[in-house]
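Residue-level listing of the chains:
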Amino acid sequence: IEALLPSRYRHGHAGLIKGFFDSPNQRPMGAGRDLRGMRKDGTEFPVEIAVAAIPLEGPPIFTGYIRDLTERKRHEMELIAAHEETRSANDALRVAIADLAEAQRVAQVGSWSIDAATGNLLAAGRFQDEIAPWSQLVAGVLDELVLRLT
């Protein structure tokens, strides 16, 4: 089985085998860890390993299963990427909806602009009368800005 292990894991494998002999119950290997196998060409790949003792008289006999998880891991990464893309799209949609709601609110209120020559607020729409008194305040603020900048 050492031939299937990447070299960096081989030194500790004997201790793991001893632990299995001490308690030979069927269980997945490396629970909570990402296990790696090695192909003949030396490339590594993610694996899932299960080993079980076969209860017979005589020397212990074991059976094991190794499953290549390359495709599963690839699908997991695709799902994570799709989830992130969906989250980003949802965030952008929330911003767009908020912007649209604000635009609708402003459209219902009316519009305004500042006459650069006089500093007066020019208003149109249903709040024209409410906005008009503010033009004197805006004119005063603009005059103060002009004095400070010159």
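Because the structure is a prediction, the values reported are computed rather than measured. (Residues numbered from 1 in each chain as written. Predicted model: local features only at pLDDT ≥ 70, side-chain atom pairs only at ≥ 80, totals over all residues. Heavy atoms only, no water.)

> In this structure, what is going on with the pairing of strand β3 (residues 44–54)? I would like to understand it.
Looking along a regular strand, one sees the side chains alternate between the two faces of the sheet. For strand β2 (residues 35–38) and β3, the ladder comprises four bridges, and the chain directions are antiparallel. Each bridged residue has a counterpart across the sheet, and for Arg 36 the counterpart in β3 is Pro 46. Connecting β2 to the next strand, β3, in antiparallel fashion are five residues, including Gly 42 with a positive phi near 90°. Looking at chain direction, β3 and strand β4 (residues 61–68) are connected through eight bridges and run antiparallel. In the sheet register, Ala 50 faces β4, and the bridge partner there is Tyr 65. Between β3 and β4, which follow one another and run antiparallel, lie six residues, and Gly 58 among them has a positive phi close to 100°. (Pairing = 2+ DSSP bridges. Helix = DSSP H or I, 4+ residues; strand = E, 2+ residues; numbered from the N terminus.)

> Before we go on, may I ask you to explain the nonpolar core in this structure?
Inside soluble globular proteins, nonpolar side chains tend to come together where they are buried. If you look at the biggest cluster of nonpolar residues, it comprises five residues: Leu 35, Phe 45, Val 47, Ile 49 and Val 51. The element contributing the most residues to this core is β3, with four residues. What Phe 45 contacts, discounting residues up to four positions off in sequence, is Leu 35, Arg 36, Gly 37, Met 38, Arg 39, Asp 68 and Thr 70. (Core = buried A, V, L, I, M, F, W, Y, C linked by side-chain atoms within 4.5 Å. Buried < 20%, exposed > 50% of the residue type's maximum accessible area, 1.4 Å probe, protein only. Contact = heavy atoms within 4.5 Å.)

> What is the right way to look at the confidence of the model for the chain in this model?
Low pLDDT marks regions whose predicted coordinates should not be analysed in detail. Residues with a pLDDT of 70 or more make up 64% of the chain, whose mean pLDDT is 78. Within the chain, β2 carries the highest mean pLDDT (89), whereas strand β1 (residues 27–28) carries the lowest (58). (pLDDT = per-residue confidence, 0-100.)

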